[in-house]
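# Overview (structure and organization)
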Amino acid sequence: MTDESDNSPPESDPSTTETSNATDGSDGQLDVGTDAGTASGSSDLDDVILDNLDTGSDDPSDEASRGLFDDLLEGEPIFENKEVLRPSYTPHKLPHREEQINNMATILVTALRGDTPSNILIYGKTGTGKTASAKFVSEELETTSQKYEVPCEVEYINCEVTDTQYRVLAQLANKFIDKNVKLIDDRIDELEDIQTRAREDTTALEEVAFDSIEDIETEIESLEADKAEFEEVPMTGWPTDRVYSSFFDAVDYHERVVVIMLDEIDKLVEKSGDDTLYNLSRMNSELENSRVSIMGISNDLKFTDFLDPRVKSSLGEEEIVFPPYDANQLRDILQARSDVAFKGDALTEDVIPLCAAFAAQEHGDARRALDLLRTAGELAERDQTDNVLEDHVRQAQEKIELDRVVEVVRTLPTQSKIVLFAIILLEKNGVHNINTGEVFNIYKNLCEEIDADILTQRRVTDLISELDMLGIVNAVVVSKGRYGRTKEISLSVPTEETEAVLLSDSRLGDIDDVQPFVQARFDN
Ligand SMILES: Nc1ncnc2c1ncn2[C@@H]1O[C@H](COP(=O)(O)OP(=O)(O)OP(=O)(O)O)[C@@H](O)[C@H]1O
């Protein structure tokens with residue numbers, strides 16, 4: 001999860017301010033206290049406004065609102081171009097990914113020779129540059145294909161958003177329909193132009209393989225008919241077969257090699273099985289004009305266990321692994337971005353190494369490293385200092401961590417929230433080494449209070465393990481000798497903030513007095 005809040009002051013744009021004020025000038029407010037405005041006509045309006053701003057206004061509310069932003073605008077901003085630190089920015093250079101990029105290019109170059117490239121499966125942990133590298137290679141591929149006039153297209157689909165077979169096929173169908181319609185329109189324009197010229201001078205027909213103006217007319221009619229056949233696929237409602245055949249016809253309309261990039265492919269399989277991949281991977285045997293190749297991207301290789309063996313072997317014809325970055329590599333990545341993102345000497349010496357070290361500890365995640373650097377810059381900006389300091393990085397690390405916790409807790413299912421709330425209540429009442437029985441007792445009472453289903457103790461134990469895996473609690477199994485084994489549970493996240501997030505859930509928020517529930521642990 002990323003903090004997307006943008007706290008930087010807006011770039012001041014005097015021209016806009018002045019123009020908008022200038023138009024308002026006639027309402028009298030801006031002219032107060034200056035004669036110049038009325039005396040010297042419109043050419044002097046700029047002066048009038050500036051004078052006026054300098055003199056200030058008598059209206060106290062005006063003062064207050066101006067102060068709010070003036071304070072923030074004061075001092076030199078730290079950032080030169082903050083956008084380059086955002087996840088949406090695609091860098092032109094990807095240090096330490098040369099090998100993976102070359103591997104992809106070696107496989108995809110086949111497309112530029114008009115043949116079908118092998119399917120590629122790319123995997124690696126989050127933030128290891130998979131999407132950025134794949135997009136970079138795709139752009140290069142398309143540019144080169146235009147240069148050599150070999151029709152080759154890449155379509156990108158984010159399967160976290162587009163997660164059903166229907167949606168994937170519909171999105172692809174519509175993209176290719178749009179492209180075909182554009183191609184047809186261009187061709188018709190071209191033919192009509194030749195037609196017009198040929199009416200005056202028949203030698204214009206030599207430019208095309210048509211013998212007469214009538215032949216051109218027939219071709220235009222046929223193209224118009226093709227165009228009319230392309231019907232946009234609605235986002236719901238058609239049988240999947242129909243959507244598939246729309247996509248099939250659209251993609252096969254003319255000769256081309258198509259690379260379909262399925263980012264977060266594991267989400268698609270998880271949500272709707274492997275039908276889409278099965279259909280896509282068997283298309284080539286039926287396509288007449290075009291060829292399709294799949295590039296799947298995932299940070300979880302386990303999803304291939306759920307694939308039909310045929311799909312699995314077809315999809316994984318080529319596999320490219322993106323290993324996590326180490327601290328030195330992250331430093332290089334951050335350095336390259338910060339040169340563009342920050343003003344000259346805004347970063348103190350330790351900032352980049354510290355961001356890199358924190359992110360390397362995490363799991364070599366470049367996204368996290370960039371988030372840290374951006375957030376540290378924003379915090380420094382908020383402090384109105386000229387430099388980003390080591391301390392800003394530490395604060396940024398805490399802020400990001402807290403944001404992550406809040407997001408994870410906020411999106412937990414209600415049952416897990418109740419279990420977590422029970423653990424928090426115990427901790428807040430000074431219980432250490434909490435065991436599952438104690439959690440279960442309070443959980444049961446809480447469920448009764450808010451009228452929720454009560455799960456078995458076994459299920460509650462599973463939910464505790466899930467919270468453990470999410471890093472929200474720490475559950476260690478301890479042996480109690482002849483009394484067997486039990487789990488000792490403690491909270492791994494800040495109590496107050498987590499409790500606040502839980503209570504913002506309307507169901508849990510209804511509980512007024514929690515004390516009686518804590519007493520219930522003694523009923524164990
Ligand atoms: N080698 C690199 N050089 C510069 N920036 C990089 C590099 N690797 C990753 N990044 C940046 O890190 C961020 C995350 O990268 P990207 O989205 O490609 O990761 P990913 O492996 O696809 O992660 P996920 O699996 O979570 O989608 C992006 O902002 C990207 O620009």
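Residues numbered from 1 in each chain as written. Predicted model: local features only at pLDDT ≥ 70, side-chain atom pairs only at ≥ 80, totals over all residues.

## Points about the site of the ligand
The local shell around the ligand holds 19 residues, among which Thr126, Gly129, Lys130, Thr131 and Ala132 are the closest. Counting residues per element, the ones that place at least two in the shell around the ligand are helix H6 (130–147) and helix H15 (366–382). A class-by-class count of the residues in the shell around the ligand yields 8 nonpolar, 8 polar and 3 charged. Here the shell around the ligand gathers at least three residues from each of two domains, domain 2 (98–176 + 235–322) and domain 3 (327–405). (Near = placed C-beta within 6 Å. Helix = DSSP H or I, 4+ residues; strand = E, 2+ residues; numbered from the N terminus. Nonpolar A, V, L, I, M, F, W, Y, C, P; charged D, E, K, R; others polar. Domains from an automatic or database assignment.)

## Considerations on the packing of helix H17 (residues 414–428) against helix H20 (residues 495–503)
The contact between H17 and H20 brings their axes to 10 Å, and the two run at 140 degrees. Judged by the inter-axis angle, H17 sits oblique to H20. Classified by chirality, the crossing of H20 by H17 is left-handed. Where H17 abuts H20, its residues Lys417, Leu420, Phe421, Ile424, Glu427 and Lys428 lie against Thr495, Thr498, Glu499 and Leu502. The residue inventory of the contact of H17 with H20, partitioned by class, reads 4 nonpolar, 2 polar and 4 charged. (Axes fitted to C-alpha atoms, helices over the stretch in contact; angles between N-to-C directions. Parallel < 35°, antiparallel > 145°, perpendicular 65-115°, else oblique. Left-handed = near helix turned anticlockwise from the far one by under 90°. Contact = placed C-beta atoms within 7 Å.)

## With respect to the environment of Ile101
Relative to the helices and strands, Ile101 resides in helix H5 (residues 98–112). Given 18 C-beta atoms within 10 Å, Ile101 falls into the partly exposed group. Remark: the alpha-carbon pair of Ile101 and Ile320, spanning 219 residues in sequence, is separated by 9.5 Å. The contacts of Ile101, once residues within four sequence positions are left out, are Leu94, Ser133, Phe136 and Val137. (Buried ≥ 20, exposed ≤ 12 C-beta atoms within 10 Å, placed from the backbone.)

## Remarks on the UniProt feature "domain: Cdc6 C-terminal" (unreviewed entry) in the protein chain
What UniProt calls "domain: Cdc6 C-terminal" (unreviewed entry) maps, in this numbering, to residues 420–502. Along residues 420–502 the backbone is 54% helical and 17% strand, and the end-to-end C-alpha distance reaches 9 Å. (UniProt positions renumbered as here; feature names shortened; annotations may be inferred.)

## A short note on unusual backbone geometry
With a phi close to 55 degrees, Gln384 is a non-glycine residue in the positive phi region. A count of 13 C-beta atoms within 10 Å places Gln384 in the partly exposed class. For Asp451, which is not a glycine, the phi torsion comes out positive at approximately 65 degrees. Along the chain, the position of Asp451 falls in the loop between helix H18 (436–450) and helix H19 (457–469).

## Let's talk about the sheet that holds strand E5 (residues 318–322)
Strand order in the open sheet formed by 5 strands is E2-E3-E4-E1-E5, with parallel pairing between adjacent strands. Both edges of this open sheet fall to strand E2 (152–158) and E5, since each of them pairs with a single strand only. Going across the sheet, the axis of each strand differs from the next one's by a mean of 15 degrees, ignoring polarity. For strand E1 (residues 120–124) and strand E4 (residues 290–298), the ladder comprises 4 bridges, and the chain directions are parallel. Residue pairing in the sheet places Tyr123 in a bridge with Ser298 of E4. H6 rests against E1, E2, strand E3 (256–263), E4 and E5 of the sheet, and its axis sits at about 155 degrees to E2. Sitting on the sheet, helix H10 (residues 265–272) touches E3 and E4, and the angle it makes with E4 is about 95 degrees. (Pairing = 2+ DSSP bridges.)

## Let's talk about the UniProt feature "domain: AAA+ ATPase" (unreviewed entry) in the protein chain
Taking the UniProt record as the reference, the feature "domain: AAA+ ATPase" (unreviewed entry) is found at residues 116–326. In residues 116–326, helix accounts for 50% and strand for 16%; the two terminal C-alpha atoms are 35 Å from one another.

## Describing helix H14 (residues 351–362)
With 12 residues, H14 extends 17 Å from end C-alpha to end C-alpha; this agrees with the ideal 16 Å at 1.5 Å per step. Judged by how many residues are buried, H14 sits mostly within the fold: 9 of 12 residues are covered. All of the buried residues in H14 are Val351, Ile352, Leu354, Cys355, Ala356, Phe358, Ala359, Ala360 and Glu362. One or two steps after H14, the chain reaches Gly364, where phi turns positive at roughly 65 degrees. (Expected span 1.5 Å × (residues − 1).)

## Quick word on the confidence of the model for the protein chain
Of the residues in the protein chain, 83% have a pLDDT of 70 or more, and the chain-wide mean is 83. Every residue in residues 1–58 is under pLDDT 50, and counting partners more than four places away or in other chains gives 49 contacts. Listed scores for the predicted complex are pTM 0.73 and ipTM 0.98. (pLDDT = per-residue confidence, 0-100.)

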